[in-house]
Amino acid sequence: MVVYILSQVTAPVLEAGTQYVLDQIWPAETTETELITANPVAPDGALAKPYSIDEVHSASSCLAVSNHTANPEAQRCFADYIYDPCFPATDTGDIVYCLIAPYQSGVIQLDVQDPAPALSEGVLVEDREAAAAWALELEEPGNPRDSWYCWAATGSISTVEGYASRWECASGPNFDDPIVANGLGEVHISPGAPRLWQLLVRRVDAGDNGTYANVKRLWF
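Summary of the structure given here.

So, on to the side chain of Gln 109. Along the polypeptide, Gln 109 turns up in strand 6 (residues 106-114). The class for Gln 109 is buried, based on a relative accessible area of 14%.

Pairing between the strands of a sheet comes from backbone hydrogen bonds, and it takes one of two forms, parallel or antiparallel. The five strands lie next to each other as 2-3-4-5-6, forming a closed barrel whose pairing is mixed. On average, each strand axis in the sheet is tilted by 55 degrees relative to the strand beside it, whichever way the strands run. Across three bridges, strand 2 (residues 52-63) lies against strand 3 (residues 75-78) in antiparallel orientation. Its bridge partner lying in strand 3, Ser 61 is registered against Phe 78.

So, on to the packing of aromatic side chains. Each aromatic ring pair is specified by the distance between its two centres and by the angle formed by the two planes. Per the counting criterion, the structure on display carries three aromatic pairs. A ring pair is formed by Tyr 81 and Tyr 83, whose centres lie 5.4 Å apart and whose planes are at 75 degrees; its orientation type is edge-to-face. Of the residues examined, Tyr 81 reaches a relative accessible area of 45% and is grouped as partly exposed. Linked through ring pairs, Tyr 103, Tyr 149 and Trp 219 together constitute an aromatic cluster.

Residue Pro 50 is reached from Lys 49 by a cis peptide bond, and omega for that bond is 5 degrees. Along the chain, Pro 50 turns up in the loop between strand 1 (34-36) and strand 2. Of note, the amide linkage connecting Asp 84 to Pro 85 takes the cis form, showing an omega dihedral of 10 degrees.

If the charged atoms of two oppositely charged side chains come close together, the side chains can form a pair. A complete count under the given rule lists four salt bridges for this structure. Here Arg 76 and Asp 84 are joined by a salt bridge, their closest N and O atoms 2.9 Å apart. Neither residue differs from the other here; Arg 76 and Asp 84 are each classed as buried.

This paragraph deals with the state of the cysteines. Under the definition given, this model contains three disulfides. With a sulfur-sulfur separation of 2.0 Å, Cys 86 is cross-linked through a disulfide to Cys 98. The S-S bond linking Cys 86 to Cys 98 shows a torsion near 105 degrees; that makes this disulfide right-handed. Taken as a pair, Cys 86 in strand 4 (residues 82-88) and Cys 98 in strand 5 (residues 95-99) lie far apart in primary sequence, 12 residues in all. This pair shows no difference in class: Cys 86 is buried, exactly as Cys 98 is. Paired by a disulfide, Cys 150 and Cys 169 hold their sulfur atoms 2.1 Å apart.

Turning to the pairing of strand 6, a few remarks are in order. Sheet topology places strand 2 next to strand 6; eight bridges connect them, and they run parallel. Paired with Ser 52 across the bridge in strand 6 is Gly 106. The antiparallel hairpin formed by strand 5 and strand 6 contains six residues in its connecting segment.

Scoring rules and cut-offs
Residues numbered from 1 in each chain as written. Predicted model: local features only at pLDDT ≥ 70, side-chain atom pairs only at ≥ 80, totals over all residues. Heavy atoms only, no water. Helix = DSSP H or I, 4+ residues; strand = E, 2+ residues; numbered from the N terminus. Buried < 20%, exposed > 50% of the residue type's maximum accessible area, 1.4 Å probe, protein only. Pairing = 2+ DSSP bridges. Axes fitted to C-alpha atoms, helices over the stretch in contact; angles between N-to-C directions. Phe/Tyr/Trp six-rings, centres within 6.5 Å; stacked < 30°, edge-to-face > 60°. Salt bridge = Lys/Arg side-chain N within 4 Å of Asp/Glu carboxyl O. Disulfide = S-S within 2.5 Å.

Such coordinate-based values are descriptive only and should not be taken to indicate function.
Laid out in structure tokens, this is it:
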């Protein structure tokens, strides 16, 4: 009787412990993509938490529409570099905060000489399939415990195997982390999982046609 009772108590514990170990060694793949909209500007125009200003530059001008995000408040600005997305911190748009990467809390402040014209109030695009994604965190193909961090390429877009190379994917979240893959074409919803987004990726050191990677997090 004692042995039977102990087995009833310890079996679920052992089973849970075994599952925990298995999850650590062979974790389950992502089944649902987290959709995020980032904006470093608080409603009162101040810098929102946890963001902080890393650098301050002068910008020649801004466009009222971002190329990289579906957020109608985002802009595309030109200085020594193309900054996109940027968000106006004043009504006149002469100061904007530009996100460096969604996985970082640092922003670039631009003092704009020629601000973008004001747009009528817009609503964040609800049709996520039609919206432009800005940045991604992917499962590394074949190793779902690790992540690749991708951001939309700026400037001219090259073509790889007939696909537009729209994404640069690094092994870490910093811009100086090495580029390990190119993201090809558009992000799309997986045919078999309506809440999971995927991207065709090709390693920079590989000669194949690429493989699909699951998107853990997607920023608009």
